[in-house]
Amino acid sequence: MLREFNVDATVGKPQVAYRETITQTVEKSTYTHKKQTGGSGQYAEVTIAIENTGPGGGYEFVDQITGGRIPKEYIPRWTPASRRR
């Protein structure tokens, strides 16, 4: 950058300011999605439980969907999004 744009830049390994981890178990958190847009509308009730897997435990997603109304191809799209947040 100095050679092409004449701008000083500090180059090196990125520094992580902090890392977050789950410290307490959340037994049950519920969200209800209701949307009416002329047709039959949308309704969903989502319940999530979060717990710490311990040091080096990694990530585990347990699918406990009931009713079979959500197509199976939508489930893998949700799991990466849950890791980001």
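Residues numbered from 1 in each chain as written. Predicted model: local features only at pLDDT ≥ 70, side-chain atom pairs only at ≥ 80, totals over all residues. Heavy atoms only, no water.

Student: Before we go on, may I ask you to explain the pairing of strand 2 (residues 42–50) in this structure?
Tutor: Regular strands place their side chains on alternate faces of the sheet. Pairing geometry for strand 1 (residues 26–35) and strand 2, over eight bridges, is antiparallel. Counterpart to Ser29 in the pairing with strand 2 is Ile48. The antiparallel pairing of strand 1 with strand 2 creates a hairpin that spans six residues between the two strands, and Gly38 there sits at a positive phi of about 90°. (Pairing = 2+ DSSP bridges. Helix = DSSP H or I, 4+ residues; strand = E, 2+ residues; numbered from the N terminus.)

Student: Before we go on, may I ask you to explain the environment of Thr30 in this structure?
Tutor: Topologically, Thr30 is positioned in strand 1. Residue contacts for Thr30: discarding those within four places in its chain leaves Glu45, Val46 and Thr47. (Contact = heavy atoms within 4.5 Å.)

Student: Looking at this structure, how should I read a nonpolar patch on the surface?
Tutor: A cluster of nonpolar side chains, contributed by Ile22, Val26, Ile48 and Ile50, occupies part of the molecular surface with about 260 Å² of accessible area. Structurally, the position occupied by Val26 is in strand 1. (Patch = residues over 30% accessible without salt bridge, like charges linked within 9 Å, V, L, I, M, F, W, Y side chains within 5 Å. Areas by Shrake-Rupley, 256 points an atom, 1.4 Å probe, with all protein chains shown as cover. Salt bridge = Lys/Arg side-chain N within 4 Å of Asp/Glu carboxyl O.)

Student: So what exactly am I meant to see when it comes to unusual backbone geometry here?
Tutor: With the exception of glycine, the majority of residues adopt a negative phi angle, and the majority of peptide bonds are in the trans configuration. Despite not being glycine, Asn6 shows a phi value in the positive range, around 60°. As for its position among the elements, Asn6 is in the loop between helix 1 (2–5) and strand 1. By relative accessible area, Asn6 is classed as exposed at 65%. (Buried < 20%, exposed > 50% of the residue type's maximum accessible area, 1.4 Å probe, protein only.)

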